[in-house]
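Structure at a glance
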Amino acid sequence: MSTLKYAEYLQMETLLSLQEPRTPHTAGRAVVLAEQLFIITHQCCELWLKQLGADLDAAADALLPPGETLDLELALEFLLRAAESIRVLQQQMLVLEKLPLRYFAEFRTYLGTASGAQSAQFRRLTTLLGNSHHQGSLYEAFAAAVEYHGQSVHDICRRGVEAGVLHRLAEALVDLGNGYWHWKVAHLALVSRMVGEEGGTGGSSGVDFLARRTTRPFPELRRLRGTVHHP
Ligand code: HEM
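Residues numbered from 1 in each chain as written. Predicted model: local features only at pLDDT ≥ 70, side-chain atom pairs only at ≥ 80, totals over all residues. Heavy atoms only, no water.

1. Focus on the overall build of the protein
Inclusion rule: Helix and strand assignments follow DSSP, with helices taken as H or I runs no shorter than four residues and strands as E runs no shorter than two, numbered in order from the N terminus. The contact definition used throughout considers only heavy atoms, calling two residues in contact when any of these lie within 4.5 Å. Here the Shrake-Rupley method, with its probe set to 1.4 Å, supplies the accessible areas, and only the displayed protein chains count as covering residues. Charged residues are defined here as Lys and Arg on the positive side and Asp and Glu on the negative side; His and the ends of the chain fall outside this count. Where a charge lies is defined by one atom per residue type: Lys uses NZ, Arg uses CZ, Asp uses CG and Glu uses CD.
Looking only at helices and strands, the protein has eleven helices and zero strands in total. In sequence order, the protein lays out its α and β elements as α-α-α-α-α-α-α-α-α-α-α. Summarising its shape, the C-alpha atoms of the protein cover approximately 65 × 60 × 25 Å along the three principal directions. Pairs at least 24 apart in sequence give 74% of the contacts found in the protein among residues at least 6 apart. As displayed, the protein has an accessible area near 13400 Å², and 56% of this comes from carbon and sulfur atoms. Computed over 22 positive and 25 negative side-chain charges, the inter-centroid distance for the protein is 6 Å.

In structure tokens form, the structure reads like this:
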């Protein structure tokens, strides 16, 4: 049997060497720890975005025709897992709300022009999920799967549980979209608390910019689900 140990398997030494606050130690322990929390939260978010992006890519691949029933079940597993991962992202925003504003104001100067808006993995996620005007590649894969099975998204919404796995997939997309929305709202609330009316380090207007971008994905699915109120 291999003698591989936990620390080696997880590359703990490398992992724990990656958090390097820029605040000088002379600023005091509390400020350094606040910046460490800021760095760890961002790094954790990026790790979850890595898993999320890969899971959603795998879900889209499994949905694309000819996705037979087993592939659809597989896609559903990926989507359900992704919806849970997004909740972790939201939760991390709540931890950051406990970052004392006075310490944030102190180390913010060291961030330069670095901003979450430059996150390549976040951009990739928005391509998959789309927004309230644009469907995104994941929904397109779902719509293609529905069509391949000789149905329409409207039928799936109307038939509900009778539509089986296609209905469960539609509901999982709604969960995922709402999870994403909750995450964006939580980030918006955090930013409002931390920067108020100030602009962002990435050069945007801050809260106003983010509020405009806090939209719900899968507009067509939401609209078609709503028609259940008018049989
Ligand atoms: C105190 C904590 C935080 C503050 C004050 C903050 C502030 C901001 C601001 C002001 C923006 C707008 C762009 C700009 O001008 O910089 C932004 C965008 C963004 N931030 Fe944060 N952020 C915080 C935490 C986080 C965390 C933990 C993440 C996780 C990765 C994150 C991810 C993002 C992303 C993905 C965007 C782009 C959003 C979009 O384009 O819709 N932020 N942030």
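2. A look at the packing of aromatic side chains
Stated precisely, the cut-off is as follows: Whether two aromatic rings pair depends on their centres lying within 6.5 Å, for rings of Phe, Tyr and Trp, where Trp uses its six-membered ring; planes under 30 degrees apart make the pair stacked, over 60 edge-to-face, and the rest tilted. Think of it in three bands: residues with accessible area under 20% of the maximum for their type are buried, residues over 50% are exposed, and the middle band is partly exposed, with areas taken using a 1.4 Å probe on protein chains only. By the criterion adopted, a ring carries a charge over it if an Arg CZ or a Lys NZ lies within 6 Å of its centre and within 35 degrees of its normal.
All told, the structure shown has seven aromatic pairs when counted by the stated rule. When the centroid spacing of 5.9 Å and the interplanar angle of 75° are considered together, the rings of Phe 122 and Trp 183 count as edge-to-face. Linking Phe 122 in helix α6 (residues 120-129) with Trp 183 in helix α9 (residues 165-195), this pair joins segments that are 61 residues apart in sequence. For Trp 183, a relative accessible area of 8% gives the class buried. Sitting over the face of the ring of Tyr 103, Arg 102 holds its NZ or CZ atom 4.4 Å from the ring centroid. The positively charged end of Arg 216 is found above the aromatic ring belonging to Trp 181, 4.9 Å away from the centroid.

3. Let's talk about the environment of Phe 209
Its place among the elements puts Phe 209 in helix α10 (residues 207-212). Here the alpha-carbon distance between Phe 209 and Gly 116, two residues 93 residues apart in the chain, equals 13 Å.

4. Thoughts on the layout of surface pockets
Put simply, the rule reads: Using a 1 Å grid laid over the protein atoms alone, points where a 1.4 Å probe fits but cannot get out form a cavity; open sets with protein on both sides within 12 Å along at least 5 of 7 lines form a pocket; any residue with an atom within 4 Å of a point counts as lining. Grid points are joined across faces, edges and corners, and a volume is the space filled by probe spheres set on the points. As a working rule, the residues Ala, Val, Leu, Ile, Met, Phe, Trp, Tyr, Cys and Pro are called nonpolar, Asp, Glu, Lys and Arg charged, and the rest polar, with Gly in that last group.
When its volume is computed, the largest pocket comes out at roughly 1200 Å³. In terms of lining residues, the largest pocket is bounded by 44 residues, among which His 42, Ser 115, Gly 116, Ala 117 and His 187 are the most central. Listing elements by their share of the lining of the largest pocket, those giving two or more residues are α3 (29-63), α4 (69-96), α6, α9 and α10. It is α3 that provides the largest number of residues to the lining of the largest pocket, a total of nine residues. Grouping the constituent residues of the lining of the largest pocket by class yields 21 nonpolar, 15 polar and eight charged. Lining of the second largest pocket is provided by Leu 10, Met 12, Leu 15, Leu 16, Leu 18, Gln 19, Ile 40, Gln 43, Cys 44 and Leu 47.

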